[in-house]
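Per-entry structural report
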Amino acid sequence: MKTPPLPQLVVALDVDSSAKLNTELDRLPVELQWFKIGLEVFCAEGPAILEPLHARKSSIFLDLKLHDIPRTVERAVRSASTHRVNLLTIHASGGRAMIQAAANAAKEMAENGPKIIAVTALTSLQQSDLSDMGVARSMQDHVRALAHLAMDAGADGVVCSPLEAALLRADLGPDALLITPGIRAAGEAKGDQKRTLTAAEAVRAGATHLVVGRPILEAANPTESAARLLEEIRVAHGARA
Ligand code: C5P
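Rules used throughout
Residues numbered from 1 in each chain as written. Predicted model: local features only at pLDDT ≥ 70, side-chain atom pairs only at ≥ 80, totals over all residues. Heavy atoms only, no water. Salt bridge = Lys/Arg side-chain N within 4 Å of Asp/Glu carboxyl O. Buried < 20%, exposed > 50% of the residue type's maximum accessible area, 1.4 Å probe, protein only. Near = heavy atom within 4 Å. Polar contact = N/O pair within 3.5 Å; in protein donor to acceptor, adjacent residues only side chain to side chain. Areas by Shrake-Rupley, 256 points an atom, 1.4 Å probe, with all protein chains shown as cover. Helix = DSSP H or I, 4+ residues; strand = E, 2+ residues; numbered from the N terminus. Nonpolar A, V, L, I, M, F, W, Y, C, P; charged D, E, K, R; others polar. Arc of directions from axis to C-beta. Contact = heavy atoms within 4.5 Å. 1 Å grid on protein atoms, 1.4 Å probe; cavity = no way out; pocket = protein on both sides within 12 Å on 5 of 7 lines; lining within 4 Å. Points joined across faces, edges and corners; volume = space filled by probe spheres on them. Core = buried A, V, L, I, M, F, W, Y, C linked by side-chain atoms within 4.5 Å.

1. Examining the pattern of salt bridges
Tallied over the entire structure, the rule returns 12 salt bridges. The partner of aspartate 63 in a salt bridge is lysine 65, with the nearest N and O atoms 2.9 Å apart. Relative accessible area serves as the criterion here: at 6%, aspartate 63 is assigned to the buried category. Via salt bridges that share partners, Lys36, Asp63 and Lys65 belong to a single interconnected network.

2. Topic: the site of the ligand
Every one of the 14 residues lining the ligand counts as a neighbour, but Asp14, Thr123, Arg184, Gly213 and Arg214 are closest to it. In the model, an oxygen atom of the ligand is placed 2.7 Å from a nitrogen or oxygen of the aspartate 14 side chain. Arginine 214 is positioned such that a nitrogen or oxygen atom in its side chain is 2.7 Å from an oxygen atom of the ligand. Within the complex, 83% of the 460 Å² of free accessible area of the ligand lies under protein. Put simply, the parts of the chain that give the shell around the ligand at least two residues each are strand E8 (209-212) and helix H10 (214-217). In terms of residue class, the shell around the ligand is made up of 5 nonpolar, 3 polar and 6 charged.

3. Quick word on helix H8 (residues 162-172)
Within H8, burial applies to Pro162, Glu164, Ala165, Leu168, Arg169 and Leu172. Angularly, the buried residues of H8 cover 145° about the axis, an arc narrow enough to put them on a single face. Contacts from the buried residues of H8 go to helix H7 (139-152), strand E6 (157-159), strand E7 (177-180) and helix H9 (199-205). Two or three places before leucine 163, at the opening of H8, serine 161 has a side-chain oxygen 2.9 Å from that residue's backbone nitrogen. One or two steps after H8, the chain reaches glycine 173, where phi turns positive at roughly 90°.

4. Quick look at the layout of surface pockets
Of the voids in this model, the largest pocket is the one considered here, and its volume is about 1,100 Å³. Lining the largest pocket are 42 residues, and of these Lys65, Thr123, Pro181, Gly182 and Gln193 lie nearest its centre. Residue assignment for the lining of the largest pocket shows that the elements contributing at least two residues are strand E2 (34-38), strand E3 (59-66), H7, H8, E8 and H10. The class makeup of the residues in the lining of the largest pocket is 20 nonpolar, 10 polar and 12 charged. Within this model, the second largest pocket holds a volume of roughly 490 Å³. Residue lining of the second largest pocket: 20 residues in total, with Pro4, Pro5, Arg169, Pro174 and Thr208 positioned closest to the centre. Broken down by class, the residue content of the lining of the second largest pocket amounts to 10 nonpolar, 6 polar and 4 charged.

5. As for the nonpolar core
Soluble globular proteins tend to bury their nonpolar side chains together. Counting 67 residues, the largest nonpolar core has Leu13, Ile37, Val77, Ile90 and Ile216 as its most contacted members. Looking at this core, the element that brings in the most residues is H7, giving 6 residues. If near-sequence neighbours (up to four positions away) are discounted, isoleucine 37 is found in contact with Leu13, Leu21, Phe42, Ile49, Leu50, Leu53, Ile60, Phe61, Leu62 and Asp63. Counting residues in each nonpolar core, the second largest holds 11 residues, with Ala12, Val159, Leu177 and Val211 among its members.

Quick look at the structure:
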């Protein structure tokens with residue numbers, strides 16, 4: 001079996017302005033390649049927020065979680081592609097036609113098209129929320145069903161809890177991108193993250209991109225914290241090869 005590529009550490013730049021984003025970038029090691037831009041700062045600053053990342057030649061995960069009629073999502077993916085981003089999120093619950101529209105739009109943009117990543121169930125949802133929506137199956141079955149739907153409809157991967165990564169890796173095969181937030185060191189403050197694993201455990205479970213925000217941005221020394229995570233990922237990956 002071929003060795004999977006080195007999983008990437010993606011720093012979630014969860015800030016509300018470009019001034020704060022630039023401050024954070026200055027505090028982080030230059031070898032960090034991947035950054036996540038979310039709705040908060042994208043709505044505040046627009047696509048110009050991506051410029052400092054392009055200047056650094058960074059890889060960009062634009063986490064917009066698109067969910068609309070297929071025609072609108074298709075056009076939004078085309079618009080996002082003009083901003084040169086590498087990963088773009090949509091909601092799998094938008095349905096097969098919407099996922100296909102997003103995937104086709106990204107492929108049409110050839111090398112400018114982002115990989116399309118589907119969100120299955122938001123980590124803020126619990127079983128009672130599924131019941132409220134009329135979904136009777138378990139959270140795990142729901143996540144698996146939506147992950148299969150997304151990949152079948154042409155998505156390149158899914159966002160999942162690191163605790164679901166091993167199951168989804170086995171389900172979806174070796175090529176699916178698995179993006180996992182919810183990474184914490186043993187004993188570290190979890191904040192509002194409920195279902196966490198360490199970076200090494202997420203790598204062993206088959207994650208391809210580990211999204212980490214507060215454990216780096218709120219660390220006393222963000223450079224040290226990021227460097228420690230990069231090393232943990234390298235070692236865990238090396239042990240699998
Ligand atoms: O918790 P941390 O700051 O590392 O969060 C990194 C990313 O994880 C956030 O940008 C958000 O997308 C995601 N997140 C999540 N569930 C939470 C909190 C954050 O999936 N409860």
